[in-house]
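Coordinates in review
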Amino acid sequence: MKNSPVLHRLLFAACCTLGLSSALAASPATVTITPLGSHDGEVCAADRALIFEDPDGTRILYDAGRTVRGGNDPRLGKIDAVLLSHVHGDHLGDRHQPSANAGTCAAPDFSVKSTPSSVTEEIVLAQKAKLFVGGEMGSFFSRRIKAAGGTADQVQLVRFGGQSKIGGVSIASVPAAHSNGLDPDFLESAHAEALAANALTAYVGPAGGYVLTFSNGLVVYLSGDTGIIADQELVVRRFYKPTLAVLNIGGTFSTGPVEAAYVINDLVKPNAVIASHANQATTKDGKLLPGTRTAVFKSAVKVPTYLPVSGKPMSFTANGKCVAGC
């Protein structure tokens, strides 16, 4: 029996099973990042929104903007937290599409009005999610969320230098060089009328970015709208040491592709980057268009550059390597 072919086959099968189990146990957990843009399978002019899913199941939406179709957009699934970098309409969400793929990639149809509420607030209320904000936005949104039927403690303030946590994800607030005026359309009555009459916005503290640290060890820098700032080296790189960055590259209102490449190559130095907020139709049939800001940026950076293709999940290991969907 000791030389039985049957016994040999059984031992071989057991070894293979144990080997497979060990390999699965040793395989690194990944963070899934899913872009929610205006047009399925493309990277379009107004795309901002990203969902981050931690290995423990915690799901975080970053800068919903105009491409998430309100709080009941079926693409959202369950959202535990929403991050808002600043209150400009293209990030807070003053309006959204009436249906999937409405309009064109270069000029999406955002004919559904959300103001004086916002897409962001609609999502927080519908999902009973937490809303993380920086600067002076905490008390402002706490009052609005409570007045709309939520609870004030759904809004979590994270000031520069501080951290908060939801599930297995740590959330830190970092500086950004950008304005943060609230359009009068988000307000009601005499305050809105007075601001609009004088072409002013309501200041709600400085804009910002975030650093997310996930339970698998992945550290992601979310720039928000910003120019080049020393904090990208002194705070973001030296202290938080991100392995992946999501960088806004649209120019005029934030770093353009050349400036953004300098941020990645010389200041933040992550292992990889997702190019975001390009403010133009960037792909056709899912392929990068030559001559676009993203194409210029990709050719200038020294690390892998990934496109946030709407509806296409990407999976990242702790070192910022994309192992699926890129």
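To keep things clear, this report deals only with the structure shown in the data block. (Residues numbered from 1 in each chain as written. Predicted model: local features only at pLDDT ≥ 70, side-chain atom pairs only at ≥ 80, totals over all residues. Heavy atoms only, no water.)

As for the overall build of the protein chain
A count of helices and strands for the protein chain gives eight helices and 21 strands. Once the C-alpha set of the protein chain is aligned to its principal axes, its extents read approximately 95 × 45 × 40 Å. Scored against the burial criterion, the 326 residues of the protein chain give a buried share of 53%. Of all intrachain contacts in the protein chain linking residues separated by at least 6 positions in sequence, the fraction that spans at least 24 positions is 65%. (Helix = DSSP H or I, 4+ residues; strand = E, 2+ residues; numbered from the N terminus. Buried < 20%, exposed > 50% of the residue type's maximum accessible area, 1.4 Å probe, protein only. Contact = heavy atoms within 4.5 Å.)

Quick word on the pattern of salt bridges
All chains considered together, the criterion is met by eleven salt bridges. Among the ionic pairs, R48 bridges to D90, the shortest N-O distance being 2.9 Å. Of this pair, R48 sits in the loop between β1 (31-35) and β2 (50-53) while D90 sits in helix α2 (residues 89-92), and the two are 42 residues apart along the sequence. Pair check on accessibility: R48 and D90 agree, each one buried. (Salt bridge = Lys/Arg side-chain N within 4 Å of Asp/Glu carboxyl O.)

What to know about the layout of surface pockets
Picture a little ball the size of a water molecule; that probe, rolled over the atoms, points out where space is still empty. Here the largest pocket defines a volume of roughly 460 Å³. In terms of lining, the largest pocket is formed by 14 residues, of which the most central are F140, R144, F186, L187 and E188. Top contributing element to the lining of the largest pocket by residue count: helix α4 (residues 137-147), with four residues. Classifying every residue of the lining of the largest pocket gives seven nonpolar, three polar and four charged. Its boundaries defined by the atoms lining it, the second largest pocket holds a volume of some 220 Å³. In terms of lining, the second largest pocket is formed by 13 residues, of which the most central are G286, L307, V309, K312 and C326. Elements supplying a minimum of two residues to the lining of the second largest pocket: β18 (287-288) and β19 (305-306). Of the residues contributing to the lining of the second largest pocket, the split by class is six nonpolar, four polar and three charged. (1 Å grid on protein atoms, 1.4 Å probe; cavity = no way out; pocket = protein on both sides within 12 Å on 5 of 7 lines; lining within 4 Å. Points joined across faces, edges and corners; volume = space filled by probe spheres on them. Nonpolar A, V, L, I, M, F, W, Y, C, P; charged D, E, K, R; others polar.)

Description of helix α6 (residues 231-240)
Taken as a whole, α6 has its buried residues at Q232, V236 and Y240. Seen end-on, α6 carries its buried residues on one side only, within an arc spanning 55°. Residues of α6 that are buried in the fold lie against β9 (163-166), β10 (169-175), β13 (208-213), β14 (219-222) and α7 (257-268). (Arc of directions from axis to C-beta.)

Points about the packing of aromatic side chains
Overall, the coordinates contain four aromatic pairs when judged by the stated rule. With a centroid separation of 6.0 Å and an interplanar angle of 25°, the aromatic rings of F52 and F214 are classed as stacked. With a gap of 162 residues between them, F52 in strand β2 and F214 in the loop between β13 and β14 connect regions that are remote in the sequence. Of the residues examined, F52 reaches a relative accessible area of 0% and is grouped as buried. Note on F214: relative accessible area 4%, which makes it buried. Between F140 and F141, the ring centres sit 5.0 Å apart and the planes meet at 75°, which makes this aromatic pair edge-to-face. Judged by relative accessible area, which is 0%, F141 ranks as buried. (Phe/Tyr/Trp six-rings, centres within 6.5 Å; stacked < 30°, edge-to-face > 60°.)

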